[in-house]
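Each chain, letter by letter, is given below.
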Amino acid sequence: MADALVSPAIAAGTGAIAATLIAVAASKVKQIRRDDIIPLMGVMGAFVFAAQMINFSIPGTGSSGHIIGGVLLSAVLGPWAAFITLCSVLIIQCLVFADGGLLALGCNILNMAATSCLIAYPLIYRPISGTSLKPWRITAASIAASIIALEIGAAGVTLETELSGITALPTSTFLAFMLPIHLAIGAIEGVATAAVLCFLAKYRPETLYSDYTADESSCTGRFASGSGRLRPVLIGFAIATLIFAGAFTWLASANPDGLEWSIEKVSGISDMPSATPATAFMPDYDSRFAGIVGAIIVMVMLWAITTIIFHRVRNAHQNSSTKGKE
Amino acid sequence: MKPAERSHIGDIDPRALLLVTVVYLVAMLSVPLQRTDMIIWFAAYPIISAPLAHIAYERLFRNSLFVLPLLVFIGIFNPIYDRTPAFALFGITINSGWISFISIIIRGLLATQALLLLIRVSGFNEMCEALHRLGCPGAIATQLLMVYRYLSVLLEEALTMQHARQARSYGKNSFKASLWGPFVGQLLLRTIERSRRINMAMKARGFNGTLSTSPNMHWTTADTVYCLVWIPVFFSLRFIDVSALLLTLFAYC
Amino acid sequence: MNTPALEFKDVCFSYPGGHEVLRHVSFSIQPGEKVALVGLNGSGKSTLLLHTNGLLLADTGTVSVNGKVIGRKNVEECRKIVGMVFQNADDQLFMPTVETDVAFGPRNMGLKEEEVNSRVDEALRITGCSSFRDKAPFHLSGGQKKMASIATVLSMKPNILVFDEPTSSLDFAAEAQLIGIIDRLPHTILMSTHDMDLARRLCTRAILMDHGAIAYDGPIDTLPYPLISTL
């Protein structure tokens, strides 16, 4: 997802859900009593980038481009730590490589990190693989979980783009287009995940995640009761956010441009073309075209002016610095 | 990526830059797709800010073009499905689908340019600190710093392994699927091993669970001014029909 | 005789499910002594070093620092006394910049900001890292990384410095610089190394490890090092 494909309303809604999930995950990770979890999550995040450099003989195309995904991370780190790790990967892709957008971050976190770590891993992978280290079970679990994660993610992309009112493509057509592509990508990712996990299960099974938190709650009662008090609050907060975000998104979808609508309501000002003075003065269509041309002309002029100033300042800088050296 | 060296807005607090960028994106992305002219006005922000950050706008523009394929891919369906006529130009009717297509391209490029500006001006580590101070949980701020720190180390490790393999693979550039798993698994094991060593180095220096970075980050008057200049500009661009104003002005002259 | 800075008494250790790595290791190091720990790969040098500041705890026997036996309760305290420089500088430098990394230890000790800053300045000055204090580890050369990782430990003002293979992966120029810096340090030093030139330059005493046990402990000049392969 890129910024261009979301409306601010959708960005706010998905952002709110993503932020809540991150807060919950952060508190969950704090409860993990494995003392190397902080450096482990850190280097595993970097590993995701590194592993992507190692190319695969089946050509992998597609919107997500993450062959190493949440299912593999979850199988090593556990779902919550994996979620935080994958979120950090997505944030770095955005804030370092400008890949994916700042406002689309919430969408990306939900579509890629939440689906794989918080839905596909606990609901698909764990039940199928169990605690077994048999390759066929790991393979089946990885493929099923990856496909489900990517399909839900693809549906998410479709839904968010449609609700943002960006594309004229009908939802059903969009879905019919996205789902098969992501079925293929999911299958490839599943096979890749399985290949790595089978290797780990065979040579270093202790690196695979087994429920630390469950062990901890049984041996340290204090912590268990502490999280017990916290849990209802967190769940309540999460549900409230979901309802809020859902309502917000629904409002946004009921009106193609949700923010527009709410601002109109609040301020009583409408900036629809029919109400502007310009349309009273000129026929709408022509003024629209003239407006575009005018805007382009002004921007080009602005560009020219700033470029000239920029070069002049830079030359002045260089002159003064060479003088300084002499 | 290195922050721009000693630029005019390089001293601005990353929180201010982040805030201005977010307001810019919200204002720009909330413009209806049919109002291409209004979206174009928003180009003023990168065009003015880029030189202030010692970046030629030309370069920023060129760097932002990498999103073009995605934008075209999503946007191209609009002219196909939305054939409502919008205006006629020299006898040719332009569909509103084409207008929204152009709008998607422009807003995509501008959003990327704003993001690139933010990245070039403030270093990643400062941005993490800013995020932390804006209420992002400590766990994720620490996590971001760690990932960023070990990104280059692990990329180098992967590259070394890759070269070691290439040296013995006689020109085959990609992996057989059956070898890929063990290879990446090996990299994963090395990664886990490294985390164990880092953990020891951290514990040896008294690590107790929270990374505390430098506390010097001060919000100055310059930051307030920076926000107070740009944010009203974005609001005006969003809610005032600048093109129409200009046209009326021309008409009166 | 005064209390030894570091003392191992009949220490045995094995990794969980593994073979015995340390077998009845006993030695003591006096304050100000410079000791080289030599031996083949896998002879237990690194494992021994990890016992000096409680990163590993002995199965049987005791390790004491300044006369105090290291146990679970005083690990934090003994880590302030024993500073450890790890083999791989990339593992040691985990913070975004050299400066924040050097400040990491003092900040964890709960010192005031002025004290932290003065310690950071001093450590950077001693190791010659002041000129690149704001840089990220990614932008440093191997030698610079090594000096910086020594600074991260010096800022905690330990009495005892423990080095694990300090010159591995350094070129000769960086090695010469490193020797110059270590030579001037007044600390008690224990370093594991394969580099006999380095050991002879910096240390007066050598401990030779073989299959987890001490095979030689005495002046470095009489160390039967070339014969080690026949052991």
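Conventions adopted
Starting afresh in each chain, residues are numbered from 1 along the sequence in its written order. Starting at A for chains and at 1 for ligands, labels are handed out in the order in which the entities are written. Local features in this predicted model are restricted to residues of pLDDT 70 or higher, and side-chain atom pairs are both shown and tallied only at a pLDDT of 80 or more, whereas totals for entire chains, interfaces and linings draw on every residue. Numbering of helices and strands runs from the N terminus, with a helix taken as a DSSP run of H or I at least four residues long and a strand as a DSSP run of E at least two residues long. Exposed residues have 12 or fewer other C-beta atoms within 10 Å of their own C-beta, buried residues have 20 or more, and partly exposed residues fall in between, where C-beta atoms are placed from the backbone. For the purpose of contact definition, each residue receives a C-beta atom placed from its backbone, and two residues are in contact when these atoms lie within 7 Å. Polar here means any residue other than Ala, Val, Leu, Ile, Met, Phe, Trp, Tyr, Cys and Pro, which are nonpolar, and Asp, Glu, Lys and Arg, which are charged; Gly is therefore polar. By definition, pLDDT measures how confident the predictor is in each residue, and it falls between 0 and 100. The criterion for strand pairing is that DSSP finds at least two bridges linking the strands in question. Here the axes come from fitting lines to C-alpha atoms, over the contacting stretch only for helices, and the angles between their N-to-C directions go from 0 to 180 degrees.

K.L.:
Whenever I open this one, the overall build of chain A confuses me. Can you help?
P.N.:
In terms of regular secondary structure, chain A is built from 12 helices and 0 strands. The order of α-helices and β-strands along chain A, N terminus first, is α-α-α-α-α-α-α-α-α-α-α-α. Counting all 326 residues of chain A, 46% fall into the buried class. Long-range pairs, those at least 24 residues apart, make up 78% of the contacts in chain A with a sequence separation of at least 6.

K.L.:
Looking at this structure, how should I read the interface of chain C and chain B?
P.N.:
A common way to express how large an interface is: the accessible area buried when the components associate. At the junction of the two partners, chain C supplies 21 residues and chain B supplies 21 residues. Breaking the side of chain C that touches chain B down by element, the ones donating at least two residues are α2 (75-81), α3 (89-92) and α4 (98-108) of chain C. The element contributing the most residues to the side of chain C that touches chain B is α4(C), with 5 residues. When its residues are assigned to classes, the side of chain C that touches chain B shows 9 nonpolar, 7 polar and 5 charged.

K.L.:
Where do I start with the confidence of the model for chain A in this structure?
P.N.:
Detailed reading of predicted coordinates is not advised where the pLDDT is low. For chain A, the mean per-residue pLDDT works out to 74, and 69% of the residues sit at or above 70. Throughout residues 212-230 of chain A the model reports pLDDT below 50, and contacts reaching past four residues in sequence, or to other chains, amount to 14 contacts.

K.L.:
Sorry, what's going on with the environment of Ala56(B) here?
P.N.:
Among the structural elements, Ala56(B) can be located in the loop between α3 (44-52) and α4 (57-64). Classification of Ala56(B) by C-beta neighbours within 10 Å gives partly exposed; the count is 15.

K.L.:
Would you explain the interface of chain A and chain B in this entry?
P.N.:
Taken residue by residue, the interface counts 87 residues in chain A and 89 residues in chain B. Taken together, the elements giving at least two residues each to the side of chain A that touches chain B come down to α1 (8-31), α2 (37-53), α4 (79-95), α7 (171-203), α10 (258-267), α11 (277-281) and α12 (284-325) of chain A. At 18 residues, the largest contribution of residues to the side of chain A that touches chain B is made by α12(A). The residue inventory of the side of chain A that touches chain B, partitioned by class, reads 60 nonpolar, 17 polar and 10 charged.

K.L.:
Just to check I follow, could you spell out the sheet that holds strand β9 (residues 205-210) of chain C for this structure?
P.N.:
Within a sheet, neighbouring strands are paired by backbone hydrogen bonds and run either parallel or antiparallel to one another. Residue and element names in this part refer to chain C. Across the sheet, which stays open at both edges, the 6 strands sit in the order β6-β7-β8-β3-β9-β10 with mixed pairing between neighbours. Two strands bound the open sheet, and with one partner strand each, they are β6 (82-85) and β10 (213-219). Between one strand and the next, the sheet's axes are offset by a mean angle of 15°, whatever the strand orientation. Both β6 and strand β7 (residues 160-164) contribute to a ladder of 4 bridges, which runs parallel. Each bridged residue has a counterpart across the sheet, and for Gly83 the counterpart in β7 is Leu161. Here helix α6 (residues 142-154) sits on the sheet and contacts β6 and β7; the angle it forms with β6, its principal contact strand, is near 165°.

K.L.:
What exactly am I supposed to notice about the pairing of strand β1 (residues 85-89) of chain B here?
P.N.:
Looking along a regular strand, one sees side chains alternate from face to face of the sheet. Residue and element names in this part refer to chain B. Judged from the 4 bridges that link them, β1 and strand β2 (residues 92-95) form a sheet pairing that is antiparallel. Note that in β2 the partner of Phe87 across the bridge is Ile94. Counted along the chain from β1 to the antiparallel partner β2, the turn is 2 residues long, and its residue Phe90 has a positive phi close to 45°.

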